[in-house]
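Chain and residue survey
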Amino acid sequence: MTQTLRHDWTVNEVNALFSLPFNDLMFQAQCVHRANFDPNQVQVSTLLSIKTGACPEDCKYCPQSAHHKTDLKTERLLEVEHVLKEAEKAKANGSTRFCMGAAWKNPKQRDMPYLVKMVEGVKQMGMETCMTLGMLEKQQAERLAEAGLDYYNHNLDTSREFYQEIITTRTYDQRLDTLEHVRSAGMKVCSGGIMGMGETATDRSALLVQLANLPSHPESVPINMLVKVKGTLLEDVEDMDQFDFIRCIAVARIMMPRSHVRLSAGREEMNQQVQALCFMAGANSIFYGCKLLTTPNPDENQDLQLFNKLGIRPESAELKHGTEEQEQDLYQSLIQQQNQADNAFFYDAS
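First things first, this report covers the structure right here in the doc. (Residues numbered from 1 in each chain as written. Predicted model: local features only at pLDDT ≥ 70, side-chain atom pairs only at ≥ 80, totals over all residues. Heavy atoms only, no water.)

1. Quick word on unusual backbone geometry
Cut-off, in case you're wondering: Per-residue accessibility, obtained with a 1.4 Å probe over protein chains only, is compared with the maximum for each type, and a residue is labelled buried under 20%, exposed over 50%, and partly exposed between these values.
Not every positive phi belongs to a glycine, and D157 is a case in point at roughly 75°. You can call D157 buried: its relative accessible area is 2%.

Right, here's the structure in full:
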């Protein structure tokens, strides 16, 4: 199934996709996925919080906001050497992309030299790089691109119509401006949203329409399920039905057929069967490791166990055009590393 990339979706069209019988939607999404990707490969990233808490933004969902009273411990910008050591660990554990996140409204000029060194250091390891630092000015985007930053993450979070119910300290258009600066600087765009914040089904459709109708589809589209944190204003919001979440993955895959759709925050609350359905629906990217910035995430061992059950292989940055034998060698190497770590833990515990 060859699908032309579209940038003219309407909310009514997308609502109709969401309304399809579940099996019909899954079949259509899986066909689109297979036409554009190896259905048994998943891109693996690691996310590190390089500056934690005390963010001036008032995002209702976020434990890092200074507007909320959570148990989060704030931290200043990490030293470059510390960040690079964490990147080395991530590569050893099989990640092909290292993402660095800072709880800022936007980076200050005094921070830029340190951010550039982080990007350059991770690139020297042969990994892809990604950052999420809040809003970017045009010159900042250009400087990060010159340093070698591959991806910049800046989520739209939700529909334009629901946005003011979630955030008031940054406008929707400011988010779109940052995405334009990122694209103009030559970096790849990582942008998605959060489901389960009390939005309507039409809000979910409108978010995906906004993303798919950008001049170029984001190369990476993270679909997050809200992680409710005590002390935030969304801690008591009603849980999202997990079948509705799976539908979001499927519709995103259909609308943006050549983008990596990331099964992002919320996996800790999903059993293996739900995650398997998300992969069936077209998700082909995950964050690997026990924490996403400040919220829980399944550890590497759980992910490898699930990959093994499903016959999924981690995508390799170095071997994207390699043979299946090379990719299998990489997978077996990851399994061996995890077994060695498990044995070390067992003997230490005794």
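2. A word on the pairing of strand β7 (residues 220–225)
Note the following rule: In DSSP terms, a helix is any run of H or I states spanning at least four residues, a strand is any run of E spanning at least two, and both are numbered starting from the N terminus. Any two strands are treated as partners once DSSP identifies two or more bridges connecting them. Handedness of a crossover: with both strands directed away from the viewer, a clockwise path from the first strand across the helix to the second marks it as right-handed.
A large share of β7 lies buried, amounting to six of its six residues. Burial of the side chains of β7 extends over both faces: S220, P222 and N224 are buried on one face and V221, I223 and M225 on the other. Judged from the three bridges that link them, strand β6 (residues 193–195) and β7 form a sheet pairing that is parallel. If you follow M195 over to β7, its bridge partner there is M225. Crossover β6 to β7 through helix α8 (residues 201–212) is right-handed. Alignment of β7 against strand β8 (residues 260–263), held across four bridges, turns out to be parallel.

3. Quick word on the packing of aromatic side chains
For the record, the criterion: Ring pairs are drawn from Phe, Tyr and Trp, using the six-membered ring of Trp, whenever the two centres fall within 6.5 Å, and their geometry is named by plane angle: stacked under 30 degrees, edge-to-face over 60, tilted for the rest.
According to the stated counting rule, one finds three aromatic pairs in the structure shown. Look at F22 and F243: their rings are 5.3 Å apart centre to centre, the planes differ by 90°, and that puts the pair in the edge-to-face class. Of this pair, F22 sits in helix α2 (residues 22–36) while F243 sits in helix α9 (residues 242–255), and the two are 221 residues apart along the sequence. With a relative accessible area of 19%, F22 lands in the buried category.

4. Notes on the environment of P56
For P56, the location among the structural elements is in the loop between β1 (41–51) and α3 (80–92). Through-space distance from the C-alpha of P56 to that of T169 is 8.1 Å; in sequence the pair is 113 residues apart.

5. Thoughts on the packing of α2 against α9
Definition in use: Whenever a helix is involved, its axis is fitted only over the stretch in contact; in every case the axis is a line through C-alpha atoms, and angles between N-to-C directions fall within 0 to 180 degrees. Crossing handedness is defined as follows: a turn of the near helix away from the far one that is anticlockwise and smaller than a right angle gives a left-handed crossing, while the clockwise case is right-handed. In this description, contact between two residues means that some pair of their heavy atoms is separated by no more than 4.5 Å. Just so you know the grouping, Ala, Val, Leu, Ile, Met, Phe, Trp, Tyr, Cys and Pro go in nonpolar, Asp, Glu, Lys and Arg go in charged, and all remaining residues, Gly too, go in polar.
One way to put it is that α2 packs onto α9 with a least axis distance of 9 Å and a crossing angle of 40°. Judged by the twist between their axes, the crossing of α2 over α9 is left-handed. Facing α2, whose interface residues are F22, L25, M26, Q28, A29, V32 and H33, α9 presents F243, I246, R247, A250, V251, R253 and I254. Residues belonging to the contact of α2 with α9 are distributed by class as follows: ten nonpolar, two polar and two charged.

6. Some words on the pattern of salt bridges
Short version of the rule: Counted as salt bridges are all cases of a side-chain nitrogen of Lys or Arg within 4 Å of a carboxyl oxygen of Asp or Glu.
Per the stated rule, a full pass over the model turns up 16 salt bridges. Between D38 and R313 there is a salt bridge whose closest N-O contact spans 2.6 Å. Note that D38 is positioned in the loop between α2 and β1 and R313 in strand β12 (residues 313–315), a separation of 275 residues in sequence. Owing to a relative accessible area of 13%, R313 belongs among the buried residues under this scheme. A salt bridge links R170 to E57; the nearest nitrogen and oxygen atoms lie 2.6 Å apart. On the criterion of sequence distance, the pair formed by R170 in the loop between α6 (160–163) and α7 (172–184) and E57 in the loop between β1 and α3 is long-range, its members being 113 residues apart. Accessibility classification places R170 together with E57 in one group, the buried group. Salt bridges linked by common partners bring R6, D8 and E13 together as one network.

Keep in mind these numbers describe shape, not what the thing actually does.
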